[in-house]
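Observations on the model geometry
Chain residues, written in single-letter form:
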Amino acid sequence: MRPSTLRALNRAAELTRQNRFTEAVLIAEPVILAADSYESDEIRRWLADHVTDFTGETEEETP
C-alpha cells in the first residue's frame, strides 16, 4: 500500500474516533476510489485488521 494511502486511512481512523465522520470520509473516500485492484485488496485487509483503530475499542481477553 502506498504511504499516502496509509496516512489517509490512519487520519480517517483518528477523525472517526473524534466523532468527525464526515471529515474522515472526505479523506478516505478519494484514496479508496483511486486504488487499483491490488491496493484495494490491501486496503480491505488493513481495514479488517484495524477496525479497532476506528472504534477506539480494545478487545478484552477472556480467561
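Preceding block: the structure.
Anyway, here's the lowdown on the structure attached to this text. Values in this document were obtained by computation on a predicted structure and should not be read as measured data.

1. Quick notes on helix H1 (residues 3-17)
With 15 residues, H1 extends 21 Å from end C-alpha to end C-alpha; this agrees with the ideal 21 Å at 1.5 Å per step. Considered for burial, the residues of H1 that qualify are Thr5, Ala8, Leu9, Ala12, Ala13, Leu15 and Thr16. Angularly, the buried residues of H1 cover 165° about the axis, an arc narrow enough to put them on a single face. Facing away from the buried side of H1, by more than 90 degrees, are the exposed residues Pro3 and Arg7. Looking at the buried side of H1, the elements it contacts are helix H2 (21-34), helix H3 (37-49) and helix H4 (51-55). Asn19, located one to two residues past H1, shows a positive phi value of around 60°.

2. A look at the packing of aromatic side chains
The final tally for this structure, using the stated rule, is 1 aromatic pair. Taken together, a centroid distance of 6.2 Å and an interplanar angle of 85° make the contact between Trp46 and Phe54 edge-to-face. Residues Trp46 and Phe54 agree in their burial class; the two are buried.

3. Observations regarding the nonpolar core
Of all hydrophobic cores here, the largest spans 10 residues; its members are Leu9, Ala12, Ala13, Leu15, Ala24, Ala28, Ala35, Ile43, Trp46 and Phe54. Elements represented by at least two residues in this core include exactly H1, H2 and H3. For this core, the leading source of residues is H1, giving 4 residues. Beyond its immediate stretch of four places on either side in the chain, Ala35 contacts Ser40 and Ile43.

Conventions adopted
Residues numbered from 1 in each chain as written. Predicted model: local features only at pLDDT ≥ 70, side-chain atom pairs only at ≥ 80, totals over all residues. Heavy atoms only, no water. Helix = DSSP H or I, 4+ residues; strand = E, 2+ residues; numbered from the N terminus. Expected span 1.5 Å × (residues − 1). Buried < 20%, exposed > 50% of the residue type's maximum accessible area, 1.4 Å probe, protein only. Arc of directions from axis to C-beta. Contact = heavy atoms within 4.5 Å. Phe/Tyr/Trp six-rings, centres within 6.5 Å; stacked < 30°, edge-to-face > 60°. Core = buried A, V, L, I, M, F, W, Y, C linked by side-chain atoms within 4.5 Å.

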